[in-house]
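Remarks on the overall topology
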Amino acid sequence: MSTLKKKKRRIVVIMETTRAYAREVIRGIARFNREHGGWLVEFSPRGAEDQPPEWLRGSGADGIFARIHNEQFLSTILESGIPTLDLRRTLQHPEIPQIGPDDTAVMRELFTHFRELGFHSFAFLGMKADKHTSMSLRRRAFGELVRRAKFQYTSLVVSETALFSRKHAAKRAIATQKIREWLQKLPPRTAVIGSNDDMAFRILEECRFLGISIPDTLAVAGIGNDECFCDLGDPPLTSVDLNPQRIGYEAAMLMEQMMRGKTIPHSTLIAPAGVVPRLSSDTIAMDDEFMASALKYIRDHACDEIGIRDVLDQVHLSRVSLEKRFKKFLGRTIYQEILRIRLEKVRKLLVTTQLSHKQIAREAGFRYQEYMMRVFRQATGMTLKKYRDSNKSF
């Protein structure tokens, strides 16, 4: 007696391959399929603004992953009647669930990064949200964080078409001049955020043209962490890793549930993997020379088993005086700052390596593994194992 083989589900992937973010999302989908799906996947390289393939309506597909960018695209998807997950989130429709980065969490990561470097002045360069609603959300979220902390803040919004299109030289010149004038008015030691890596890269270019030193005068960061793109920067660009492989993997999990007839959330947001520091933000924005020296020393040596005495010897200041400065500028003690950096190293090693807990303790500057485990749990509410399992590297 022959046994019938279960029919494999057919999945169509309609996403561009021109940007690293989308390619990494696709890799996340592929990883889920290798581990769990067993799908037959139909995919071909395409551009960001291409329309869905004409054969989609009669394809007989069981599911679609798409990055829907306009009404015509959305209409084609709806007419197909195929369960679809949108990974761009430009348009909203009740029948099309969406998944993507948690932009509020993204901006919180950037604000924390620069706040811990001592910045009190912030700026944001964004683009009009006609095609990318997340850009507007990022600008609002970042502005709210800065204003709530009562720091200095300014923002500028320009047209993506005017700034990057080769067909509109006059408009591009006007937008470029607008950015240059804005940058020249920013006070020294301002952290400047681009709404994505493209915009941040443009900030670096215009600062180089204007002779503005990065990161000493202005520090710069982008969003997206396209590694090839970021490494091209002069200096290399700090950016937020949006965790695109995890987004793809989680999207595939949701698709599997959809195809089984289960109800899924209309909107799913994935937390970023964190800020990836590079030279464009490698500075300490402190007018207080003792604080700047102490923070740089701690940042460079926290994982070398240094103690408070080592920091005091470096800056030649009494403990009482330096502790007062730390409380004033950071709201933390000297030791709490050392511990914060060590715990960040622990987090990174848990996610990106397979080192044992004992090896991680040694790498992060903890003399005793048990103490590291205790303070990590106090700080995160999780054991080392649970943190590693829930944040496995993609």
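In case you missed it, the structure is sitting above this.
A brief report on the enclosed structure follows. All of these numbers come straight from a predicted model, not from anything done at the bench.

Next up on the list: the environment of alanine 48. Mapped onto the fold, alanine 48 is located in the loop between strand 2 (40–43) and strand 3 (63–66). Sequence separation between alanine 48 and histidine 69 is 21 residues, and the spatial gap between their C-alpha atoms is 8.1 Å. Excluding residues that lie within four positions of it along the chain, alanine 48 makes contacts with Glu16, Thr18, His69 and Arg88.

In a soluble, globular protein the nonpolar side chains are often hidden away together inside. The biggest cluster of nonpolar side chains holds 69 residues, and the ones touching the most others in it are Phe65, Met107, Leu110, Phe114, Phe122, Phe142 and Leu322. The element contributing the most residues to this core is helix 9 (residues 244–259), with eight residues. Apart from residues no more than four positions distant in its own chain, phenylalanine 65 is found in contact with Ile11, Val12, Val13, Ile14, Met15, Ile29, Trp39, Leu85, Leu87, Ala251, Ala252 and Met255. One finds Leu125, Leu204, Leu218 and Cys230 within the second-largest nonpolar core, a separate group that totals 25 residues.

All right, on to the sheet that holds strand 8 (residues 190–194) then. Pairing is mixed in the open sheet, where six strands are placed in the order 7-6-8-9-10-12. Edge positions in the sheet fall to strand 7 (152–158) and strand 12 (274–276), since each has one partner strand and no second. Each adjacent strand pair in this sheet contributes to an overall mean axis angle of 25°, direction not counted. Examined bridge by bridge, strand 8 and strand 9 (residues 218–223) share four bridges and lie parallel to one another. Its bridge partner being in strand 9, isoleucine 193 is matched across the sheet by alanine 221.

This part is about helix 12 (residues 319–329). Along an α-helix, residues three or four positions apart point the same way, because every turn accommodates 3.6 residues. Listed in full, the buried residues belonging to helix 12 are Leu322, Glu323, Phe326 and Phe329. On an axial view of helix 12, the arc spanned by its buried residues comes to 140°, and they lie on one face. More than 90 degrees from the buried face of helix 12, the exposed residues found are Val320, Lys324 and Lys328. Buried positions along helix 12 lie against helix 3 (103–116), helix 10 (289–301), helix 11 (308–315) and helix 13 (334–352). At the exit of helix 12 stands glycine 331, carrying a positive phi of roughly 75°.

This brings us to the pairing of strand 10 (residues 238–241). In the sheet, strand 9 pairs with strand 10 via three bridges, with the strands oriented parallel. In the sheet register, alanine 221 faces strand 10, and the bridge partner there is threonine 238. Following the chain from strand 9 across helix 8 (residues 227–232) to the adjacent parallel strand 10, one finds a crossover that is right-handed. Sheet topology note: the strand 10/strand 12 ladder contains three bridges and is antiparallel. Counted as the bridge partner of valine 240 is valine 275 from strand 12.

Under the criterion given, the structure shown has zero disulfides. Unpaired in this structure, cysteine 230 has its nearest cysteine sulfur neighbour in cysteine 228, at a distance of 9.4 Å.

The subject of this paragraph is the pairing of strand 11 (residues 267–270). Across the two faces of strand 11 the burial differs, with Thr268 and Ile270 buried and Ser267 and Leu269 not buried at all. Pairing of strand 5 (residues 98–101) with strand 11 involves four bridges; the strand directions are parallel. What sits directly across from isoleucine 99, in strand 11, is threonine 268.

With that out of the way, let us pick up the packing of helix 10 against helix 12. At a minimum axis separation of 10 Å, helix 10 and helix 12 run at an interaxial angle of 85°. Between helix 10 and helix 12, the interaxial angle falls into the category roughly perpendicular. Of the residues in helix 12, those in contact with Phe290, Met291, Ala294, Leu295 and Ile298 of helix 10 are Leu322, Arg325, Phe326 and Phe329.

As a further point, take helix 6 (residues 169–185). With 17 residues, helix 6 ought to run about 24 Å at 1.5 Å a step, and its terminal C-alpha atoms sit 25 Å apart, in line with that. Three or more residues of helix 6 are buried, namely Ala175, Thr176, Ile179, Arg180, Trp182 and Leu183. For helix 6, the angular spread of buried residues about the axis comes to 165°, placing them on one side. Of the exposed residues in helix 6, the ones pointing more than 90 degrees away from its buried face are Ala170, Ile174, Gln184 and Lys185. Packed against the buried residues of helix 6 are strand 6 (121–127), strand 7, helix 5 (160–164), strand 8, helix 7 (197–210) and strand 9.

A word on the pattern of salt bridges. Pairing between side chains becomes possible if they bear opposite charge and their charged atoms approach one another. Throughout the structure, instances matching the rule amount to 25 salt bridges. Of the charged contacts, one joins arginine 148 and glutamate 144 as a salt bridge, the two residues approaching to 3.6 Å between their closest N and O atoms. Of this pair, arginine 148 and glutamate 144 both sit in helix 4 (residues 133–148), four residues apart, roughly one helical turn. Residue glutamate 144 is classed as partly exposed on the basis of its relative accessible area, which comes to 38%. Salt bridges sharing partners connect three or more residues here, namely Glu116, Arg332, Glu337 and Arg340.

Conventions we followed
Residues numbered from 1 in each chain as written. Predicted model: local features only at pLDDT ≥ 70, side-chain atom pairs only at ≥ 80, totals over all residues. Heavy atoms only, no water. Helix = DSSP H or I, 4+ residues; strand = E, 2+ residues; numbered from the N terminus. Contact = heavy atoms within 4.5 Å. Core = buried A, V, L, I, M, F, W, Y, C linked by side-chain atoms within 4.5 Å. Buried < 20%, exposed > 50% of the residue type's maximum accessible area, 1.4 Å probe, protein only. Pairing = 2+ DSSP bridges. Axes fitted to C-alpha atoms, helices over the stretch in contact; angles between N-to-C directions. Arc of directions from axis to C-beta. Right-handed = clockwise from strand over helix to strand, strands pointing away. Disulfide = S-S within 2.5 Å. Parallel < 35°, antiparallel > 145°, perpendicular 65-115°, else oblique. Expected span 1.5 Å × (residues − 1). Salt bridge = Lys/Arg side-chain N within 4 Å of Asp/Glu carboxyl O.

By themselves, these observations are geometric and do not establish any function.
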